[in-house]
Amino acid sequence: MFHNEEVWGTVVSFHVPDQNISQNVERAFLEQAISFVHEIDELFSTYKESSEISKLRCGDLLIADSSEPVQRIWKLCEQARDLTDGAFNPFHERLGGFDPSGYIKGWAADQIALMGEKLGITRLHINAGGDITLRGGMDDEKPWMIGIQHPKRAGRIAAVIPIRDGAVASSGVSSGVSAAGALATSVYGPDGGLADALATALMVAGRDGAPWFLKRELAEYGCWVVNRHEESTWSVRWPERS
Amino acid sequence: MENLVVLGVVLLLATSYGYWYRHRDGRVKSHGEAERRLRLEPSEIGPLGERATLVQFSSAFCTPCRATRVILGEVAASTSGVRHIDVDAEHELALVRKVGVLSTPTTLILDSQGFEIARAVGAPRKAQVLASLDALH
């Protein structure tokens, strides 16, 4: 089963490969997942005046009075900020208030995977506008193989990462924002939200982000980065393509 | 290779509606006088800046849009007569079609009459925006 849902100005795709589950389960999963992504838009979009995030940003709502998911994202963003030594900072005053855009897609992909798992779906592949969560592998033997295209060379797979259970997040469109940093970044690891935040933060930090991956909390994360100027690359715990 | 899930989309489509923009990513392209120019009216985007208007097309959870908002906000705050408007592309489809927005963020620089004088696809550099504004006198 494959479905593309247009939301958040991008596409979220749900891929449930053939496995031992009924059509009813697939249908229930799809319904839950679709309504979830639209709920996320209502809660977190900074472009909707009615969203909780917009109310938080303009001071009409305090974090203590926010809904449980918003409070949870706030805490997770604080952790991501600390793990990146402040490079991932959705609280920065220049943003005009709390803006967790760099965390939401990866986190949402994980939540959707969790919905599937609760329904007994063991293999799935969720792509939330480029932030990917994977479960169960292609089959019992083969992991999912995620290919990453080089930002400047169309159609060329520049890096591949095999993943059975985990997430891959990539960033790479914000060219020209900063003099330092990266042209494109990809991060894999167990948590989709944190992978998203790390990929976002590496765009700004560039090589300065390498030491984050030596922290104990990030022992299961790896990254692949295309440098901004020379277009050379560096990586931490990124397997060689075989 | 069949098992490869190609993520070209990841790097190029993550926040976009199409992908030929790659070639123009982040570059501010100025329009020549001879070209037929797009014009936006206050009825479509609200009041224009006295000197110039920066119209940004954005979408939810798009981190380059966020960076663009910061850059253009700072330009508007530090340059007199310049107004910054952030448009949610998903909910202004008529405008998106008229302008020909293919990916977010897309920024238009309009002169005092609402004519497009420059366009940036991807997050523009502050210096690029300031240079385009300088060309307006």
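Residues numbered from 1 in each chain as written. Chains lettered and ligands numbered in written order. Predicted model: local features only at pLDDT ≥ 70, side-chain atom pairs only at ≥ 80, totals over all residues. Heavy atoms only, no water.

A count of helical and extended segments in chain B gives 5 helices and 6 strands. The helix and strand sequence of chain B, counted from the amino end, reads β-α-β-α-β-α-β-α-β-β-α. Here chain B holds 137 residues, and 55% of them are scored as buried. Here the analysis covers contacts within chain B between residues at least 6 apart in sequence; of these, 76% occur between residues at least 24 apart. (Helix = DSSP H or I, 4+ residues; strand = E, 2+ residues; numbered from the N terminus. Buried < 20%, exposed > 50% of the residue type's maximum accessible area, 1.4 Å probe, protein only. Contact = heavy atoms within 4.5 Å.)

Residue and element names in this part refer to chain A. In this fold, Gly192 is placed in helix 5 (residues 192-205). The exposure class assigned to Gly192 is buried, which follows from its relative accessible area of 4%. Sequence-wise, Gly192 and Lys105 are 87 residues apart; in three dimensions their C-alpha atoms are separated by 8.1 Å. Beyond its immediate stretch of four places on either side in the chain, Gly192 contacts Gly106, Trp107, Asp110 and Ala167.

Here we come to the state of the cysteines. Tallied over the entire structure, the rule returns 1 disulfide over all chains. Put simply, B:Cys62 and B:Cys65 are joined by a disulfide, and their sulfur atoms are 2.0 Å apart. Judged by the sign of its S-S torsion, about 85°, the bond between B:Cys62 and B:Cys65 is right-handed. The same class applies to B:Cys62 and to B:Cys65, which are both buried. Its sulfur unpaired, A:Cys58 is 19 Å from the next cysteine sulfur, which belongs to A:Cys77. Residue class for A:Cys58 comes out exposed when judged on its relative accessible area of 54%. (Disulfide = S-S within 2.5 Å.)

Our next topic: the side chain of B:Thr68. Checked against the element boundaries, B:Thr68 lands in helix 3 (residues 63-78). Filtering out sequence-adjacent residues up to four positions away, B:Thr68 remains in contact with B:Gln56, B:Pro105, B:Thr107, B:Ala123 and B:Pro124.

This paragraph deals with the environment of A:Asp208. All names here are of chain A. When you line up the elements, Asp208 lands in the loop between helix 5 and strand 9 (222-227). Exposure remark for Asp208: the relative accessible area of 60% places this residue in the exposed category. Counting along the chain gives 191 residues from Asp208 to Pro17, while the straight-line C-alpha distance between them is 39 Å.

Before going further, it helps to examine the nonpolar core. Grouped together as the largest cluster of nonpolar side chains are 57 residues, with contacts concentrated most on A:Trp8, A:Phe29 and A:Phe44. The element that contributes the greatest number of residues to this core is helix 5 of chain A, accounting for 9 residues. Look past the residues within four positions of A:Phe44 in its chain and what remains in contact with it is A:Ser51, A:Ile53, A:Pro69, A:Val70, A:Ile73, A:Pro100, A:Ile104, A:Trp107 and B:Phe61. In terms of nonpolar packing, the next biggest core, distinct from the first, is built from 15 residues, A:Leu134, A:Ala159, A:Tyr188 and A:Val226 among them. (Core = buried A, V, L, I, M, F, W, Y, C linked by side-chain atoms within 4.5 Å.)

A separate point is the sheet that holds strand 10 (residues 233-236) of chain A. Residue and element names in this part refer to chain A. Strand order in the open sheet formed by 8 strands is 1-2-3-4-7-8-9-10, and the pairing between neighbours is antiparallel. Strands at the two margins of the open sheet, each flanked by one partner only, are strand 1 (2-7) and strand 10. Taking each pair of neighbouring strands and ignoring which way they run, the sheet shows an average axis angle of 10°. Alignment of strand 7 (residues 166-171) against strand 8 (residues 182-189), held across 5 bridges, turns out to be antiparallel. From the neighbouring strand, Ser171 faces strand 8, where its bridge partner is Thr185. The strands touched by helix 1 (residues 23-44) are strand 1, strand 2 (10-15) and strand 3 (124-128); relative to strand 1, the strand with the most contacts, the crossing angle is about 15°. (Pairing = 2+ DSSP bridges. Axes fitted to C-alpha atoms, helices over the stretch in contact; angles between N-to-C directions.)

To continue, consider the pattern of salt bridges. Scanning all chains against the criterion turns up 13 salt bridges over all chains. Put simply, B:Arg69 and A:Asp99 hold a salt bridge, and the shortest N to O gap is 3.8 Å. Placement of B:Arg69 in helix 3 and of A:Asp99 in the loop between helix 3 (68-83) and helix 4 (101-118) is noted, with the two residues assigned to different chains. Residue A:Asp99 is classed as buried on the basis of its relative accessible area of 1%. Of the charged contacts, one joins A:Lys142 and A:Asp139 as a salt bridge, the two residues approaching to 3.7 Å between their closest N and O atoms. Beyond isolated ion pairs, a larger network of salt bridges with shared partners links A:Arg94, B:Glu74 and B:Lys126. (Salt bridge = Lys/Arg side-chain N within 4 Å of Asp/Glu carboxyl O.)

Function cannot be inferred from these measures alone, as they are strictly geometric.
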